[in-house]
Every structure is written in C-alpha cells, then in structure tokens.
Amino acid sequence: ANFRETVSGPLKRDGSFQIQGVYSGAYTVFMPQLNELYVKSIFYGSQDVTNGVIPSMQAGAALNVTLGTDPGEIDGTVEPGNLEAGTPVLIAALPDDAYAARQDMQRFTPGSAGAAYALSNVPPGIYKVFAIQSQDFGEIENRALMKLLEGNATSVTVRAARHEQVGVTAISRGDVEQAMGKLQ
C-alpha cells in the first residue's frame, strides 16, 4: 500500500525537537512556514538532505535542522499579457527542481493583472515566479503542469535578507487549460 504518514515531535524551549518511533524507509521533511524563520539546512547524520528528501531512514541517525532568521522578499508587477488589467491571478514562487519536495519554500499571494504584488519571508534559493489566472492551489502544486508553463515564468535568485524585484507576465486560463490538455 502507498500512503503518507506524518510524524512530528514537540518543540522544546531551546528550539530542538525529537521524533520517536520512526521506522526505516524513505521520508520527506516538511516544516510549516514560520514568520521570519525558514529551514536553512537539513542533515541526516552526515548526509545533506536540505532538498527535503531522506532516501532511507536508519535507526539511531540524528536529524539536524538549522533555521535561518534572514529571509528575503520578492515583489514586482504582474504584466497583463493577454488578460484585462484587474483580472484576478494567483502569484506563486516555486523553488528550483532540486528543492521541489520543500513545500515550506513555496510562497503564494492573490493578485491582479496589471498590479503590484509582494511575497515576504522567502527562504534564500532559486525560484520561478508565476502569475496564473487561477485560484486553484491544486494546479499550482501540480509540478508537471508548472513545468509545462515555466516558459512563462520569471526566474529569480533570492538571497538572505535581500529584496528582489521581479516582473512577471500573467498566464491566461486558456494557456493553463491548453497545458493541462497535454498532461492527459
């Protein structure tokens, strides 16, 4: 059977936590988005798993998560493209493919074609910024769909404690549906 199980541990005063009863196997590390904090690095034993995927969990190895306190931000303007100014869009900053498993790095905000947008508390990294005529987060989280639409996205490198300005062109509902048709 293929299923997802969530395991967690209580956070101690010093910021550390321990997870009991973890079985051998593959795991994905997920941390909730925390204001002004982000996951800077993840080590499983001596293995760097900052991409969020632990290929094989072994009993007794330590999982060390280091949090950063200096996130960046992205802002800019949504160019209308084929849309009328004021048309609602969903703006998404999605991490580079190497960090696709890191849902905690994704940032979203509603916006409008022809208007300014801002994404705050963005962990450092390489992102593709999309502005899609959709309010469906399922579409944004569909990596295969976003891969087909990435030619319409804008790439940006976010550095710690830095402000990045990025213009992005809105992707119409028709373009989204055309890309979805290619997935079937």
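Residues numbered from 1 in each chain as written. Predicted model: local features only at pLDDT ≥ 70, side-chain atom pairs only at ≥ 80, totals over all residues. Heavy atoms only, no water.

Peer 1: Hey, could you run me through the nonpolar core in this one?
Peer 2: Across soluble globular proteins, nonpolar side chains show a tendency to be buried alongside one another. Residues I74, V78, I91, Y117 and V129 are the most contacted members of the largest nonpolar core, which totals 19 residues. Apart from residues lying up to four places away in sequence, V78 is in contact with V89, I91, S112, A113, G114, A115, Y117, A131, V168 and A170. Core analysis: the next-biggest nonpolar cluster, separate from the first, contains 13 residues, I132, M146, A153 and I171 among them. (Core = buried A, V, L, I, M, F, W, Y, C linked by side-chain atoms within 4.5 Å. Buried < 20%, exposed > 50% of the residue type's maximum accessible area, 1.4 Å probe, protein only. Contact = heavy atoms within 4.5 Å.)

Peer 1: How should I be thinking about the side chain of D104 in this particular structure?
Peer 2: Residue position: D104 is located in the loop between β7 (88-95) and β8 (107-112). Residue classification places D104 among the buried positions, given a relative accessible area of 5%. At 2.8 Å, the side chain of D104 and the side chain of R102 are in polar contact. (Helix = DSSP H or I, 4+ residues; strand = E, 2+ residues; numbered from the N terminus. Polar contact = N/O pair within 3.5 Å; in protein donor to acceptor, adjacent residues only side chain to side chain.)

Peer 1: Could you clarify how one ought to interpret empty space enclosed by the protein in this entry?
Peer 2: Rolling a probe over the atoms, with the probe sized like a water molecule, indicates the empty space that remains. In the structure shown here, the tally under the stated rule is one cavity of 30 Å³ or more. Within this model, the largest cavity holds a volume of roughly 70 Å³. Lining the largest cavity are M31, P32, Q33, L34, L37, Y38, V39, L67, D104, R107 and P123. (1 Å grid on protein atoms, 1.4 Å probe; cavity = no way out; pocket = protein on both sides within 12 Å on 5 of 7 lines; lining within 4 Å. Points joined across faces, edges and corners; volume = space filled by probe spheres on them.)

Peer 1: Please clarify how the packing of aromatic side chains should be interpreted in this entry.
Peer 2: Aromatic rings in a pair are described by how distant their centres are and how their planes are angled relative to each other. Taken as a whole and judged by the stated rule, the model has one aromatic pair. A ring pair is formed by F108 and F137, whose centres lie 5.2 Å apart and whose planes are at 90°; its orientation type is edge-to-face. Here the residue F108 occupies a position in strand β8, and F137 occupies one in helix α1 (residues 137-140), the gap between them amounting to 29 residues. Since its relative accessible area comes to 41%, F137 is described here as partly exposed. (Phe/Tyr/Trp six-rings, centres within 6.5 Å; stacked < 30°, edge-to-face > 60°.)

Peer 1: Please explain the environment of L183 as it appears in this structure.
Peer 2: Within the fold, L183 resides in helix α3 (residues 173-183). For L183, a relative accessible area of 37% translates into the label partly exposed. The spacing of L183 and Y27 is 156 residues in sequence and 27 Å in space, taken between C-alpha atoms. Leaving out residues up to four positions away in the same chain, L183 has contacts with N142, A144, L145 and L148.

Peer 1: Please clarify how the pattern of salt bridges should be interpreted in this entry.
Peer 2: A side chain with one charge may pair with a side chain of the opposite charge, provided their charged atoms come close. Using the criterion set out here, one finds seven salt bridges in the structure. Linking R173 and E177 is a salt bridge whose minimum nitrogen-to-oxygen distance equals 3.3 Å. Note that R173 and E177 are positioned in helix α3 at a spacing of four residues, about one turn of the helix. Judged by relative accessible area, R173 falls into the partly exposed class, the value being 23%. Accessibility expressed as a relative area gives 46% for E177, which makes it partly exposed. Connected through salt bridges with shared partners, the residues D97, R143, K147 and E150 form a single ionic network. (Salt bridge = Lys/Arg side-chain N within 4 Å of Asp/Glu carboxyl O.)

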